[in-house]
Protein chains: 4
Amino acid sequence: MKAVPEMRVICGRNEEAVKEAQQKFGWQEYETDWRKLIERDDIDLIDISTPVNVHKDMAVAAAEAGKDVFCEKPLALNLEEANQMLKAVEKAKVKHMLGFNYRRLPAICLAKKLIDEGKIGEIYHFRAQYLQSWITDPEFPLVWRLKKEIAGSGAMGDLGTHIVDIVRYLIGEFQEVMGVEETFIKERPDPSQKGKKGKVTVDDATLFLAKFENGALGSFEATRFATGRKNRLFFEINGSKGSLVFDLENLNRLQFHSTEDSDYAQGYRDILVTEGIHPYVGAFWPHGHIIGWEHSHVNQIYDLFSYIAEDKMPQPNFRDGVRCDQVQEAVEKSIKGGRWVKVK
Amino acid sequence: MKAVPEMRVICGRNEEAVKEAQQKFGWQEYETDWRKLIERDDIDLIDISTPVNVHKDMAVAAAEAGKDVFCEKPLALNLEEANQMLKAVEKAKVKHMLGFNYRRLPAICLAKKLIDEGKIGEIYHFRAQYLQSWITDPEFPLVWRLKKEIAGSGAMGDLGTHIVDIVRYLIGEFQEVMGVEETFIKERPDPSQKGKKGKVTVDDATLFLAKFENGALGSFEATRFATGRKNRLFFEINGSKGSLVFDLENLNRLQFHSTEDSDYAQGYRDILVTEGIHPYVGAFWPHGHIIGWEHSHVNQIYDLFSYIAEDKMPQPNFRDGVRCDQVQEAVEKSIKGGRWVKVK
Amino acid sequence: MKAVPEMRVICGRNEEAVKEAQQKFGWQEYETDWRKLIERDDIDLIDISTPVNVHKDMAVAAAEAGKDVFCEKPLALNLEEANQMLKAVEKAKVKHMLGFNYRRLPAICLAKKLIDEGKIGEIYHFRAQYLQSWITDPEFPLVWRLKKEIAGSGAMGDLGTHIVDIVRYLIGEFQEVMGVEETFIKERPDPSQKGKKGKVTVDDATLFLAKFENGALGSFEATRFATGRKNRLFFEINGSKGSLVFDLENLNRLQFHSTEDSDYAQGYRDILVTEGIHPYVGAFWPHGHIIGWEHSHVNQIYDLFSYIAEDKMPQPNFRDGVRCDQVQEAVEKSIKGGRWVKVK
Amino acid sequence: MKAVPEMRVICGRNEEAVKEAQQKFGWQEYETDWRKLIERDDIDLIDISTPVNVHKDMAVAAAEAGKDVFCEKPLALNLEEANQMLKAVEKAKVKHMLGFNYRRLPAICLAKKLIDEGKIGEIYHFRAQYLQSWITDPEFPLVWRLKKEIAGSGAMGDLGTHIVDIVRYLIGEFQEVMGVEETFIKERPDPSQKGKKGKVTVDDATLFLAKFENGALGSFEATRFATGRKNRLFFEINGSKGSLVFDLENLNRLQFHSTEDSDYAQGYRDILVTEGIHPYVGAFWPHGHIIGWEHSHVNQIYDLFSYIAEDKMPQPNFRDGVRCDQVQEAVEKSIKGGRWVKVK
């Protein structure tokens, strides 16, 4: 692979739109048939940013053609598809990466570092919520994200998977889960049938409890009905020696409580994660000059190219996608069965 | 009953200690046998502030003697006892009140008012945590609160019941629950047997999910292992028109988000609940001069006397205690059975 | 002096009102003539809580009668009176204390401790604001606090003196000051003349800059026109090794930044000053159960009695009152002269 | 001018470095002599991002060559130079813009909108601080920013001018100022003379008070010695109807207090300024996905091109630079003279 990545071909079904995008974003060429793209010899890496329902076909085809594959999360419509994708990339021995971009936020990397250094100690609790509110209005239309056949899942797949990945990254593997879901607004105006309503077939909210392999307890909530919360991916970790708190709406900050501080001067420290010594920050602005959400993606792409350049398997990859889908499937089974379900 | 309450008799088992308390706190007399106290004709109201395991006997005896009864929470060791207590006070037609003091915080009263006025709309989510950390040290001794036979329950009974009462007060009745509990430190130094350890027989942490009669979903967590959290009773309510956030460590404040604010100027308002027009505040200090935790109790006693003076049944009372114990029992059953349990 | 203080006599000009207060608050007797009170042999300590314009006469008379004196802040209408008061108490060799109650807040005591331990290092900056908003309405009447002849001063004397005392307590003496004041609403409805307006003769807001003897720079602001701020006494201290932040609307907390923390984990720690090891807290509630504003007064009275019991001169006392009035007078001179004025 | 801006030539003194920059950032050509650049016919717009001491020569030459000019702030080393620059661009009738990038933050634009709509009412107070801490270490070397002949000024010119521009943008013109400055570390290691120290010739901190034409009072502080503060440009505005609070370390948020809210539900609203209806946000990410500091520059360049495309004079421009330098000069005079100085 060459030292400098080239933005060779952008692909979309609508020729006019993809042509415009090609020029706007500086791609060398455009294509409207993804299969043709994959057949090309001058392409080394395929980036799949489509709705979930076509991830599998694209990823499998790309792997079979010997391309490295980057795929947006969630990996697949369901665990079965995810397993097929993993099998394909492993068989083809290509590199594969999954777009859990929040692992690339400096504050979350710092959380990982503090945990790995033992600053939090043995972990007792992980509580996380991913709260949004963009569909609380009952007149909001029945978009594709609200249809199971295209999106695979609602709040759980879209939001819940992010926190599932973060907890796996930070504290380890799930053992058992037990959930509940709700669709608060059951029918919505259907843009494809003027004046008619259609059925919402995904969850508006999913909550679940979890036991982890290391003995910790977890509490998870993913909802699109948290009025006033726009993009609040919040988590708090409590361990025997310290605690951590993060909120995506304040993504340049990490709160850290340490029992190693003097007993009369302990408290949650509000760390502004913008120093040159913090992960990724050296490539950005001076102290205290914050970065935005998009840089979780920028850092991710940087890491992807670094993995390829160094001939290493990217992290997280399709294995993590499968693990995440196992958790999601276990949650769904626990909801249907009304009981605890082991994660594979 | 007389217009002005009199502090007649304080009762305790240790004569020396109760005598000192009598003088220190200004009681007219002291007593070491609670049964004698209840026999006295010059006592109208009994205030039960003992460990939970004697609540039932005292409350039943007091009721049978025709005394009004105030009882600290939790009402009883278990639902059966709670029902006996309720039966006794109802048969005797005495007044009864239960010490869920947080209903008397101005900020929580304001939350109730905003909900009742419809400012929050239809309620979708209630998420609550009561987080403490006073027993995270494995060398902390096996005190009575860690023994089931005296305390009845651990984090669930001590902390969880407070949030159960608050959610019932604010949004309504539980329908079904599903929980998990953990005792992270299973044995602790036993103060009664030098150099030996004894078994912790209550939960260090209990988490549960809930469905409410009004269709809302609830997430609850009570733990004594949240390092760095001292007395964080936190809740967030999301409804179709607004949201509310409260934290007991900042008890003079209530956060309120309203979708009725101009669309470009919406946000969580941080209300300092210290204005004369706020509930109870008129009796306290000027604007912005905060009150402390103890005034939840002061306000509670004021209300108790007012209920008696106006010949009304206090709120909350033993009925609420029974409801709360029904929730707690359902949570415990769900933990044992690993499945959802209907409340009542 | 006896070991246990007795609440002997309460004094007020209106007999009906003072009689009611005597009974309500548990004083043994009442009196309507303060001079008679001071003549009594069975009184050891006089507590002066009147408007400022009578402080001097009362304190001087009390001292001449050999009584210990506690006086509410500000000490006097002006520096001349303050000096007379100091002279009187020193000549009489009585104990004297000044009611700068905020020195008795656990969080401010912790700030003092951290500074004394060298945790902040050499101090560069002290910035403080005391922000209230109770007279922003132009129709708010011309009460006594808005008349110079009774109140002596407006925002400066009422609010500014609190921050002057705190900065002297925490970092040391003033060297030079330079200020500006404004009366935003110049006339207000006069309650004594129906339908008429009277002139506001005190400052609505006073701001001043300061140089300290230790080389630090200070910025001060006292205003009654900070809409939305109810009782925000805020300060931030920056030193070579750390920083401190306090806000009276959150008086149980102190923020502390230390450069001694690991370089990748520095941040302002939010210390909940409610541990048993924190100053005064041992006498109050368990961890995390906050105290209210009134306990700054409770702690102050406790300390006053302790000073008397241990035969020590209370801190702060009339010397501090004189120092504070020197600062205030220098600020006033700087405002009139439009230039820097040395303190003393 | 063409519809699409072209990045034609980048200019720098060091050929190797500028060549690298040309390739890295996508410029068509590079140049090492800025005068040659200005002579070229194919250049319409000059962007001056050098140290302050060469701003004037470049801007005047560019104007004389008929080029539009964008200049980084501060405009010039002193007011005299600033006036020369303004005269040159006005004589040449070219467009000129000054890089006060914070006017382009969505939150500050929202503050402007709320003020213009009358939501804050008559303005009483503006208090602002720009707090950094990168030179608190006495061993930090004597870089060019600490030398008056190159930087013109220290904290005042670098940080103070940003808040001077913001207050002029939001509430209006200065009338009088009165300041103080300090250089806490007077000598520092000189990188150009190994083992020797050189004199710091700029201010480490400047504080000043201000009276505004509209009757408001202002308090300003710019310092590089606020330990723990990395890039805290903070301001609070109090008016008769509301208040606003902003902090650059949380630049996606604006706090807004309105007295028009129900009296029992008033509080500072924490507005996450990330909705599509907020200024500039439509071009960025979905709700709640924050932007970073660099987008103040991106938005500024967008606006610059829009002004040029619409043939309008950019805002802010050199007139604002002159106004800002007038304030700075008045502050400096007030510091030297120890008295109030009128602005202009």
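Quick caveat: nothing in here was measured; it's all calculated off a predicted structure.

### A short note on the overall build of chain A
- In terms of helices and strands, chain A carries 9 helices and 16 strands.
- Since a compact globule built from 344 residues should have a radius of gyration of about 20 Å, the 21 Å found for chain A is in line with a globular shape.
- Looking at chain A as a whole, 53% of its 344 residues qualify as buried.
- At a minimum sequence separation of 6, the contacts of chain A that also span at least 24 residues come to 65%.

### Quick notes on the relation of the copies chain A and chain C
- At an RMSD of 0.1 Å, chain A and chain C line up after a rotation of 180° and a shift of 0.0 Å along the axis. Taken together, the rotation angle and the small translation identify this as a two-fold axis. Ranked by how close their C-alpha atoms come to the rotation axis, the residues of chain A are headed by R269 of chain A, at 1.9 Å.
- Taken together, the interface assignments show that 100% of the residues at the interface of chain A recur at the interface of chain C, consistent with an identical surface on both copies.

### A few points about the pairing of strand β10 (residues 205–212) of chain D
All names here are of chain D.
- Counted residue by residue, β10 has 6 buried out of 8 residues, so it is predominantly covered.
- In the sheet, strand β7 (residues 174–182) pairs with β10 via 8 bridges, with the strands oriented antiparallel. The partner of V177 across the bridge, within β10, is A210.
- Pairing of β10 with strand β11 (residues 217–223), which is carried by 7 bridges, proceeds in the antiparallel orientation. If you follow A205 over to β11, its bridge partner there is T223.
- In this antiparallel pair of consecutive strands, β10 and β11, the connection spans 4 residues, and G215 shows a positive phi of 95°.

### Quick look at the interface of chain A and chain C
- Facing the 16 residues of chain A at the interface are 16 residues of chain C.
- Where the side of chain A that touches chain C is concerned, the elements lending two or more residues are α5 (106–116) and β15 (268–272) of chain A.
- A per-element tally of the side of chain A that touches chain C places β15 of chain A first, with 5 residues.
- Residues belonging to the side of chain A that touches chain C are distributed by class as follows: 9 nonpolar, 3 polar and 4 charged.
- As paired elements, β15 of chain A and strand β15 (residues 268–272) of chain C share 3 bridges and run antiparallel to each other. Residue pairing in the sheet places R269 of chain A in a bridge with R269 of chain C of β15 of chain C.

### Description of the relation of the copies chain B and chain A
- With an axial shift of 0.0 Å and an RMSD of 0.1 Å, the rotation relating chain B to chain A amounts to 180°.
- A symmetric contact is evident, with 100% of the interface residues of chain B recurring at the interface of chain A.

### Quick notes on the sheet that holds strand β4 (residues 68–72) of chain B
Residues and elements named next belong to chain B.
- Sheet architecture is open: 3 strands sit in the order β3-β4-β5, paired in parallel fashion. Each edge of the open sheet carries a strand with a single partner, namely β3 (45–48) and β5 (96–99). The average undirected angle you get between the axes of adjacent strands in this sheet is 15°.
- Here β4 pairs with β5 via 4 bridges, running parallel. Along β5, the bridge assignment pairs V69 with H96.

### Thoughts on the interface of chain B and chain A
- At the interface, 32 residues of chain B touch 32 residues of chain A.
- Elements that contribute at least two residues to the side of chain B that touches chain A include exactly β6 (123–131), β7 (174–182), β10 (205–212), β11 (217–223), β12 (232–239) and β13 (242–247) of chain B.
- For the side of chain B that touches chain A, a count of residues per class yields 12 nonpolar, 15 polar and 5 charged.

### Some details on the packing of helix α5 (residues 106–116) of chain B against helix α7 (residues 155–170) of chain B
All names here are of chain B.
- Packing of α5 against α7 brings their axes to within 10 Å, and their N-to-C directions diverge by 35°. Between α5, through I108, A111, K112 and I115, and α7, the contact on the second element is made entirely by I166, Y169 and L170.
- Its residues placed into classes, the contact of α5 with α7 shows 6 nonpolar, no polar and 1 charged.

### A word on the domain arrangement of chain A
All names here are of chain A.
- Annotation of chain A at the domain level lists domain 1 (9–100) and domain 2 (102–337).
- Taking only C-alpha atoms into account, the centre of domain 1 sits 24 Å from that of domain 2.
- In this assembly, 23 residues from domain 1 lie in contact with 28 residues from domain 2.
- Going through the elements one at a time, β4 (68–72), α4 (79–92) and β5 (96–99) are the ones with two or more residues in the side of domain 1 that touches domain 2.
- The biggest single contributor to the side of domain 1 that touches domain 2 is α4, with 6 residues.

### Some remarks on helix α3 (residues 55–64) of chain C
Residue and element names in this part refer to chain C.
- Here α3 has its buried residues at H55, K56, M58, A59, A62 and A63.
- On the buried face of α3, the contacting elements are α2 (34–39), β3 (45–48), β4 (68–71) and α4 (79–92).
- One or two positions beyond α3, positive phi appears at G66, with a value near 80°.

### Re the environment of K148 of chain D
All names here are of chain D.
- Its place among the elements puts K148 in helix α6 (residues 148–151).
- Residues K148 and N317, spaced 169 residues apart in sequence, show a C-alpha to C-alpha distance of 24 Å.
- Discounting residues that sit within four places of it in the chain, K148 has contacts with T201 and V202.

### Topic: α5 of chain B
Residue and element names in this part refer to chain B.
- Here α5 has its buried residues at P106, A107, I108, L110, A111, L114 and I115.
- Among the structural elements, α7, β13, β14 (253–258) and β15 (268–272) are those in contact with the buried residues of α5.
- Once α5 finishes, G118 follows within two positions and takes phi at roughly 85°, a positive value.

### Quick word on the packing of helix α4 (residues 79–92) of chain B against helix α9 (residues 318–337) of chain B
Residue and element names in this part refer to chain B.
- For the pair α4 and α9, the least separation of the axes is 9 Å and the interaxial angle reads 165°. Between α4 and α9, the crossing angle belongs to the class labelled roughly antiparallel. For α4 against α9, the interelement crossing comes out left-handed. Where α4 approaches α9, its residues L79, A82, N83, M85, L86 and V89 are matched on the opposing element by F318, R319, G321, V322, D325, Q326 and E329.

### Describing the nonpolar core
- Judged by nonpolar contacts, the single largest core of 201 residues is most densely connected at V177 of chain A together with V177 of chain B.
- Membership of the second largest hydrophobic core comes to 200 residues, among which are I123, V202, A216 and L248 of chain D.

### Looking at unusual backbone geometry
- A cis geometry characterises the amide bond from Q315 of chain B onward to P316 of chain B, with omega recorded as -5°.
- P74 of chain C follows K73 of chain C through a cis peptide bond whose omega is -5°.
- Within the secondary structure, P74 of chain C sits in the loop between β4 and α4.
- One non-glycine residue, K93 of chain B, lies in the positive phi region at around 55°.
- Relative to the helices and strands, K93 of chain B resides in the loop between α4 and β5.

### Things to note about the sheet that holds strand β5 (residues 96–98) of chain C
Residues and elements named next belong to chain C.
- Ordered by their spatial adjacency, 3 strands build an open sheet running β3-β4-β5, and the pairing between neighbours is parallel. Looking along the sheet, the strands with just one partner apiece sit at the ends: β3 and β5. Across this sheet, the average inter-strand angle for adjacent strands is 10°, counted without regard to direction.
- Pairing between β4 and β5: 3 bridges, direction parallel.

### Things to note about the confidence of the model for chain A
- Residues at a pLDDT of 70 or more form 99% of chain A, whose mean pLDDT is 96.
- Interface confidence in the predicted complex, given as ipTM, is 0.95; pTM for the same model is 0.96.

### Section: the environment of L272 of chain B
- Note on placement: L272 of chain B falls in strand β15.
- As a C-alpha pair, L272 of chain B and P106 of chain B span 166 residues in sequence and 9.9 Å in three-dimensional space.
- Excluding anything up to four places from it in sequence, L272 of chain B contacts N252, R253 and G288 of chain B, K230 and E249 of chain C together with G267 of chain D.

### Overview of the environment of D57 of chain C
- Looking at the secondary structure, you find D57 of chain C in helix α3.
- Owing to 16 C-beta atoms within 10 Å, D57 of chain C belongs among the partly exposed residues under this scheme.

### Re the pairing of β6 of chain B
Residues and elements named next belong to chain B.
- Across the 9 residues of β6, 9 count as buried, placing the element largely inside the fold.
- In this structure, β6 lies alongside β12, joined through 8 bridges in antiparallel fashion. By the bridge assignment, R127 is partnered in β12 with E236.
- By the bridge criterion, 7 bridges tie β6 to β11 in an arrangement that is parallel. Looking at β11, one finds that H125 is bridged to L217.

Cut-offs used in this document
- Residues numbered from 1 in each chain as written.
- Chains lettered and ligands numbered in written order.
- Predicted model: local features only at pLDDT ≥ 70, side-chain atom pairs only at ≥ 80, totals over all residues.
- Helix = DSSP H or I, 4+ residues; strand = E, 2+ residues; numbered from the N terminus.
- Rg over C-alpha atoms; globule rule 2.2 N^0.38 Å.
- Buried ≥ 20, exposed ≤ 12 C-beta atoms within 10 Å, placed from the backbone.
- Contact = placed C-beta atoms within 7 Å.
- Least-squares fit on C-alpha atoms with pLDDT ≥ 70 in both.
- Pairing = 2+ DSSP bridges.
- Nonpolar A, V, L, I, M, F, W, Y, C, P; charged D, E, K, R; others polar.
- Axes fitted to C-alpha atoms, helices over the stretch in contact; angles between N-to-C directions.
- Domains from an automatic or database assignment.
- Parallel < 35°, antiparallel > 145°, perpendicular 65-115°, else oblique.
- Left-handed = near helix turned anticlockwise from the far one by under 90°.
- Core = buried A, V, L, I, M, F, W, Y, C linked by C-beta atoms within 7 Å.
- pLDDT = per-residue confidence, 0-100.

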